[in-house]
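Examination of the molecular architecture
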Amino acid sequence: MPGLVAPEVPHYIPAPPTQAELEYADLPIIDLAKSASPAGRQALAQEARDAMTTHGFFYVINHGYSPQQTERIFDIADLPFSKVNEEEKQIYAGTMKQTGSYQGYKLRQYWHIDGGVRDQVENYNINRDITKRQHPEALRPFLPEIEKFARHNHENVLHPILRLLAIGMELPEDAFVNMHGYSSVGETYGKSCGLLTSSSLHEVPSALTGGRGADKERLVERTYWYLFIGYFGTITILYSQPVAALQILARDGTWKWVRHIENALVINAGDSLEFLSGGCYKATIHRVRIVSRVVQPPSDQRNYTRLGVFYFAMTDDDVVLGPLLESPVLQRVGVTRTFDGTKPPTQEEWRKGRTAAYGQTELKAGAEKDTEEEMINGVLVKHYN
């Protein structure tokens, strides 16, 4: 039987890695190939635990996709932006506020950032079950590859990482894996994300400012970021891309850049994992630049599009996000992330609450300096300014 011929796709040309001198975070690198044996998993578990308790981030190499396979995934990920017109995008726009689901397009200017400024990022999000929703015509020939990519991330990347993290808490290896069924009801999804980083982004167009002079003068002096205290799921898998944009808040209170490593994955914990681990694994504060007049991309990357490919993992919808108190580690060191007497939400309740609120609700000044707060499902959520 002859092999199937993959459909042709236009080649996406990424930016060259920047040669600028940036202050990078010193993140650990986990070689996933070593997880094949019990002894290898035990050794890696200590590395992963140290990384998640110290940084909340680490790199993964030898994750099962060759550089050529990863390159093709970026080619496919570019299609929702380069081969779909604005009219068709509207047809496949997501309904995050109404449904708590990110499926479909998150179009530009959906989120209000500050003082009339709206974001300039657009995403296309696909549930791991690609049949849950119709997709733009340009993507349809590639759905089998997208489905294969989702399953690879879930079973060959996410599950091995979850096993390491369970071992690190002295839990059964599959304690977290059993909460992340590929065919279970849930909203784990992949995302491609496009953001223009050329100079046109930095002109602060009137659509962002409302076209009023006073606002415009104030806004051109500022830099705008998406700021995340934690993704609301458990694990984020980011395929490393070369445009400098992602920063994490280091323990010394300074912002450090995340370095691009060719064909590596950047892994970070979300707040659901922090809940389940009782605070053992940290949902590190991080940010991504979205609108800037002062802090531009490095000059050698200024006329390129930043294209991201992600796999956002969540537990099954019915999992209660309370700390796993059976962990001997928690029994020894105690629980630092609690719900203060509030019943822990399920993943579905937390997902819908966080999704509907993000970039939409009015935040109140927090008790801590440079923080704002909101209450979601009875849980106080802090946002760092």
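Residues numbered from 1 in each chain as written. Predicted model: local features only at pLDDT ≥ 70, side-chain atom pairs only at ≥ 80, totals over all residues. Heavy atoms only, no water.

The protein has the name Fe2OG dioxygenase domain-containing protein in an unreviewed UniProt entry, where Gymnopilus dilepis is given as its organism.

Next up on the list: the pairing of strand E9 (residues 235-239). Within E9, five of the five residues are buried, leaving the element largely enclosed by the surrounding structure. Residues of E9 alternate between two faces, with Ile235, Ile237 and Tyr239 on one and Thr236 and Leu238 on the opposite face, all of them buried. Examined bridge by bridge, E9 and strand E12 (residues 265-269) share five bridges and lie antiparallel to one another. The partner of Leu238 across the bridge, within E12, is Val266. (Buried < 20%, exposed > 50% of the residue type's maximum accessible area, 1.4 Å probe, protein only. Helix = DSSP H or I, 4+ residues; strand = E, 2+ residues; numbered from the N terminus. Pairing = 2+ DSSP bridges.)

Tracing the backbone through its elements, the reader meets Gln120 in the loop between strand E5 (117-118) and strand E6 (122-127). You can call Gln120 buried: its relative accessible area is 11%. Sequence separation of Gln120 and Gln109 is eleven residues, and the distance between their C-alpha atoms is 5.7 Å.

Bringing the pattern of salt bridges into the picture now. For the structure on display, the rule yields eleven salt bridges. Here Lys256 and Glu23 are joined by a salt bridge, their closest N and O atoms 3.6 Å apart. One end of the pair, Lys256, is in strand E11 (residues 255-257); the other, Glu23, is in the segment before strand E1 (29-31), with 233 residues separating them in the sequence. When the shortest N-O distance is used, the salt bridge between Asp252 and Lys256 registers 3.5 Å. One continuous salt-bridge network, built from bridges that share partners, spans Glu23, Asp252 and Lys256. (Salt bridge = Lys/Arg side-chain N within 4 Å of Asp/Glu carboxyl O.)

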